[in-house]
Amino acid sequence: MTESVLIAGAHGQVGQHVTELLGASDRTARAMVRDESQTDEMAELGEEPVVADLTGDVDHAVKGCDAIVFAAGSGGEDVYGVDRDGAIELIDAASAAGVDRFVMLSSMGADDPESGPEALRDYLIAKAEADEYLRNSGLDYTIVRPGELTNEPGTGEIRAGEGLELGDGAIPREDVARTLVTAIDFEPVFGETFEILSGEESIEAALEAIGSS
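Residues numbered from 1 in each chain as written. Predicted model: local features only at pLDDT ≥ 70, side-chain atom pairs only at ≥ 80, totals over all residues. Heavy atoms only, no water.

Draft legend 1. Layout of the overall build of the protein. For the protein, the count of helices and strands is seven helices and 11 strands. Relative to a compact globule of 213 residues, whose C-alpha radius of gyration would be 17 Å, the protein shows 16 Å and is just as compact. Within the protein, the fraction of its 213 residues that count as buried is 49%. Sequence separation of at least 24 residues holds for 67% of the intrachain contacts in the protein that already meet a minimum separation of 6. For the protein, the computed accessible surface area is about 9,500 Å², with 41% contributed by carbon and sulfur atoms. Here the protein contributes 13 positive and 46 negative side-chain charges, whose respective centroids are spaced 2 Å apart. (Helix = DSSP H or I, 4+ residues; strand = E, 2+ residues; numbered from the N terminus. Rg over C-alpha atoms; globule rule 2.2 N^0.38 Å. Buried < 20%, exposed > 50% of the residue type's maximum accessible area, 1.4 Å probe, protein only. Contact = heavy atoms within 4.5 Å. Areas by Shrake-Rupley, 256 points an atom, 1.4 Å probe, with all protein chains shown as cover. Lys, Arg positive; Asp, Glu negative; His and termini not counted. Charge placed at Lys NZ, Arg CZ, Asp CG, Glu CD.)

Structure, rendered in structure tokens:
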């Protein structure tokens, strides 16, 4: 089992769920935040905080980690600087530090940004380019592309596939986080890119089906 996981975007809405889930596991979670003021909150969750900005140097954040979960996001303020270039910076840092496992939170619609809503187009392009960079990086990757995110309580049940589209449904952030954490050591989804929405299958069963398709 992976022992030490860096969570990029640990203070974000999905990232906080990831941090809590890893904190309740036997793994060591390193919570990466960009603001020193957020470190106490991460420490209270029992995590090891590390301050690093995706638009700057992140080499120190990845040292000693076995895996990375990228749950960071720009919130629309700097999609190319954070969602693309920041992800690429972290991928490069992982490669240099010998961190083989990388789980990417992407977005449904990133497979065809030009068909997405105009307001999301730059974001989807940024995510698509970061995803492609990860696929070509040589790392053991999994790319998870959820649909519309909600703050409803998670159910632990999803549907997953490669043909789901924006507008087909939504999914609680908590279930997205559960999927990301499950994927860390779930070899059937190593090297896979797929979409997820709320559904009726357990997360593990849905991911198992992805790996066997």
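Don't stop here, the text continues.
Draft legend 2. Fine view of the side chain of Lys 127. Locating Lys 127 in the fold gives a position in helix H5 (residues 121–135). The buried charged residue Lys 127 lacks any salt bridge, with Asp 83 as its nearest oppositely charged partner at 4.6 Å. Not counting the four nearest positions on each side in its chain, Lys 127 is found in contact with Phe 70, Asp 83, Met 104, Leu 105, Ser 106, Ser 107 and Ala 110. (Salt bridge = Lys/Arg side-chain N within 4 Å of Asp/Glu carboxyl O.)

Draft legend 3. Looking closely at the sheet that holds strand E3 (residues 48–51). Pairing in this open sheet of nine strands is mixed, and the strands run E3-E2-E1-E4-E5-E6-E10-E8-E11 from one edge to the other. Only two strands of the sheet have a single neighbouring strand rather than two, namely E3 and strand E11 (201–202). Both strand E1 (residues 4–8) and strand E4 (residues 67–70) contribute to a ladder of four bridges, which runs parallel. Residue pairing for E4: Ala 8 is matched across the bridge by Phe 70. (Pairing = 2+ DSSP bridges.)

Draft legend 4. H5, seen in detail. With 15 residues, H5 extends 21 Å from end C-alpha to end C-alpha; this agrees with the ideal 21 Å at 1.5 Å per step. If you check which residues of H5 are buried, you get Leu 124, Ile 125, Ala 126, Lys 127, Ala 128, Ala 130, Asp 131 and Leu 134. Tucked into the core, H5 has its buried residues touching E4, helix H4 (79–97), strand E5 (101–105) and strand E6 (140–146). (Expected span 1.5 Å × (residues − 1).)

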